[in-house]
Amino acid sequence: MNIRKGRLAKSMTSDAAEFSSSLEFDRYIFEADVKCNFAHTLMLKEENIIDGEIADKILGALTKLRESGFDALEFDYSVEDIHMAVENYVTGMIGPDAGFMHTGKSRNDQVATDIRLALRVKIIEIQIAILDFIKNIIEMAKKHTETIFVGYTHLQHAQPITFAHHLMAYAQSLKRDYNRLYDTYKRVNLNPLGSGALATTTFPINRELTTKLLGFDDILENSMDGVSSRDFIAETVFDLSMLTTTLAKIAEEMVLWSSYEFGLIQIGDDFSSTSSIMPQKKNPDIAEIARAKSTRNNGELINILTILKAIPFTYNRDLQEITPHLWNSIENSYSILKIMNDMLQTVEFNEKRGLELAGANFATATDLADLMVKEKNIPFRIAHKIVGRVVSEAVENDLAIEEINTEFIDKIAIDLDIEALNLENDLIQIALDPVSNVTLRNVPGGPSPKMVEVAIKNLEDFVNGELSKKDI
Ligand code: ARG
């Protein structure tokens, strides 16, 4: 069936046809298109809009096509898109009666429906992959609730934490990335079918029925909005951009921590490469590529928003150019998620180095100031001032943390016109000890092993609860 023959005197040039074809990316919506045609035809039959026998023939041909798959379709340059290819297939099977399938339906509402159907499957696939990643992070965290390590702000030593606490920060970001997709899904899973080209149809179609048959939560209530809205795509791609930003940040830390200078982790050899000239090299290439590939999603998001911003209501062919950016970003996100998950599981943490860094460079100084507040009831700002001076003098005189005692502190306090504090040396050493720094941080959300175990349990419950809801 060549729809051009009615209105147009000439076929498109083959270059123009190729230029405007969406077939390259339409394979993503093949199954959805068959499903959509099936539901629409069934509805036309149920509502007695088309003849029951003809409907059955159409449904039979569509079933055959679903079984044979995408490769059963034939394409030449006269076939603009998947919708025409599917219609041609049905025509080939049952003859011109195939044309009844298109009663009260346009490719405009059809493509919008197809994208939503195909996308919701992809969203769930990505969500499952996120949950799997979180599960693996949790397993790793369980082994490291007492593995001391230093947390950074401004990439400078800040305060001691544990490796588990850091890993759980990754997991919490990923949980939000998961939930964002969950929210978006609600706006994806709405039915535009029945919107027609833009203004519905005079046939008494039953939109509730197709909504039910296709598993949508509701209809899109305005037909013009139904065929032209693509904000659900922009929103999904933003979610994916955010997800791959989380993944890129993790990748960035893998790169940093595996350096000689940090010396905190070893990435598995199977996720590293070497140099063609420097025999000693072990390079974190997979993390680097993941970090770089994440930016593709940002590019895709801008492409989508930029196409969207200047097209008038309702359907414009420009919309076709949005969809490939969605599929690109889905594939990109999935592959980064998968490889980062596999790579992280090979990471070995250097516990000795973690403890060494946590005890070095005055990462425990906050707790010394806190001790002054607790023991001597002086305002924190005064304590901050004394400890700041303690650290600067210790750095100047190359003193180790163990050399900071009550005498040293009081000399400084007096020098600053604050009276001597007479802190017990034992308490000073406890305050400066990275392990007690961590163990005593027992407030919800804190790094103490006890609190991290609570956080692990909560997140584990969340992941298991979500996984039990997904049954595709
Ligand atoms: N390939 C088109 C797309 O992706 C399908 C809709 C075509 N509609 C039209 N009026 N040419 O948007």
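**Some details on the overall build of the protein chain**
Point 1. Regarding its fold elements, the protein chain presents 20 helices and six strands.
Point 2. Rg of the C-alpha trace for the protein chain: 31 Å, well past the compact-globule value of 23 Å for 472 residues, more than 25% over.
Point 3. The dimensions of the protein chain, computed from C-alpha atoms along their principal axes, are 100 × 55 × 40 Å.
Point 4. Expressed as a percentage of its 472 residues, the buried residues of the protein chain come to 49%.
Point 5. Taking as baseline every contact in the protein chain between residues at least 6 positions apart, the subset at least 24 positions apart corresponds to 75%.
Point 6. Put simply, the protein chain shows about 23400 Å² of open surface, and 52% of that area lies on carbon and sulfur atoms.
Point 7. For the protein chain, the distance from the average site of its 48 positive side-chain charges to the average site of its 71 negative ones is 4 Å.

**Remarks on the pairing of strand E2 (residues 156-162)**
Point 1. Examined bridge by bridge, strand E1 (residues 148-153) and E2 share six bridges and lie antiparallel to one another. Directly across from Phe149, in E2, lies its bridge partner Ile161.

**So, the site of the ligand**
Point 1. The local shell around the ligand consists of Ser22, Asp81, His83, Arg107, Asn108, Val111, Tyr315, Arg317 and Gln320.
Point 2. Within the side chain of Ser22, a nitrogen or oxygen atom sits 3.1 Å from a nitrogen atom of the ligand.
Point 3. Within the side chain of Gln320, one N or O atom sits 2.9 Å away from a nitrogen atom of the ligand.
Point 4. In the complex, 87% of the free accessible area of the ligand, which totals 340 Å², lies under the protein chains.
Point 5. No other element matches the three residues that helix H7 (residues 107-142) contributes to the shell around the ligand.
Point 6. Each residue belonging to the shell around the ligand can be placed in one class, and the counts come to two nonpolar, four polar and three charged.

**Concerning the environment of Asp177**
Point 1. Along the polypeptide, Asp177 turns up in helix H8 (residues 163-188).
Point 2. The exposure class assigned to Asp177 is buried, which follows from its relative accessible area of 1%.
Point 3. The sequence separation of Asp177 and Met242 amounts to 65 residues, and the corresponding C-alpha distance is 6.9 Å.
Point 4. In this structure Asp177 touches Ile130, Met242, Leu243 and Thr246, once residues within four positions along its chain are discounted.
Point 5. Side chain to side chain, Asp177 and Arg180 meet in a polar contact 2.8 Å long.

**Points about the packing of aromatic side chains**
Point 1. Taken as a whole and judged by the stated rule, the model has eleven aromatic pairs.
Point 2. Ring centres 6.2 Å apart and planes at 75 degrees place the aromatic pair Phe149 and Phe163 in the edge-to-face group. Here Phe149, found in strand E1, pairs with Phe163, found in helix H8; they are 14 residues apart in sequence, far enough to count as distant.
Point 3. Feature note: the residues Phe149, Phe163, Trp257 and Phe349 constitute an aromatic cluster, connected by ring pairs.
Point 4. Directly above the aromatic system of Phe216 lies the positively charged group of Arg120, at a separation of 5.2 Å from the ring centroid.
Point 5. Geometry around Phe462 places Lys175 over its ring, the cationic atom sitting 4.6 Å from the centre.

**What about helix H5 (residues 52-68)?**
Point 1. An ideal rise of 1.5 Å per residue puts 24 Å on 17 residues; H5 measures up with 24 Å between its terminal C-alpha atoms.
Point 2. Of the residues making up H5, those classed as buried are Ile54, Ala55, Ile58, Leu59, Ala61, Leu62 and Leu65. Each buried residue of H5 lies within a common arc of 160 degrees when the element is viewed along its axis, so the set occupies one face. The exposed set on the far side of H5, more than 90 degrees from its buried face, consists of Glu53 and Glu67.
Point 3. The secondary structure elements touched by the buried residues of H5 are helix H4 (30-46) and helix H6 (82-94).
Point 4. Capping the start of H5, Asp51 holds a side-chain oxygen 3.1 Å from the backbone nitrogen of Glu53, two or three residues further along.
Point 5. In the stretch just after H5, Gly69 is the one whose phi turns positive, near 90 degrees.

Basis of the calculations
- Residues numbered from 1 in each chain as written.
- Predicted model: local features only at pLDDT ≥ 70, side-chain atom pairs only at ≥ 80, totals over all residues.
- Heavy atoms only, no water.
- Helix = DSSP H or I, 4+ residues; strand = E, 2+ residues; numbered from the N terminus.
- Rg over C-alpha atoms; globule rule 2.2 N^0.38 Å.
- Buried < 20%, exposed > 50% of the residue type's maximum accessible area, 1.4 Å probe, protein only.
- Contact = heavy atoms within 4.5 Å.
- Areas by Shrake-Rupley, 256 points an atom, 1.4 Å probe, with all protein chains shown as cover.
- Lys, Arg positive; Asp, Glu negative; His and termini not counted.
- Charge placed at Lys NZ, Arg CZ, Asp CG, Glu CD.
- Pairing = 2+ DSSP bridges.
- Near = heavy atom within 4 Å.
- Polar contact = N/O pair within 3.5 Å; in protein donor to acceptor, adjacent residues only side chain to side chain.
- Nonpolar A, V, L, I, M, F, W, Y, C, P; charged D, E, K, R; others polar.
- Phe/Tyr/Trp six-rings, centres within 6.5 Å; stacked < 30°, edge-to-face > 60°.
- Lys NZ or Arg CZ within 6 Å of the ring centre and 35° of its normal.
- Expected span 1.5 Å × (residues − 1).
- Arc of directions from axis to C-beta.

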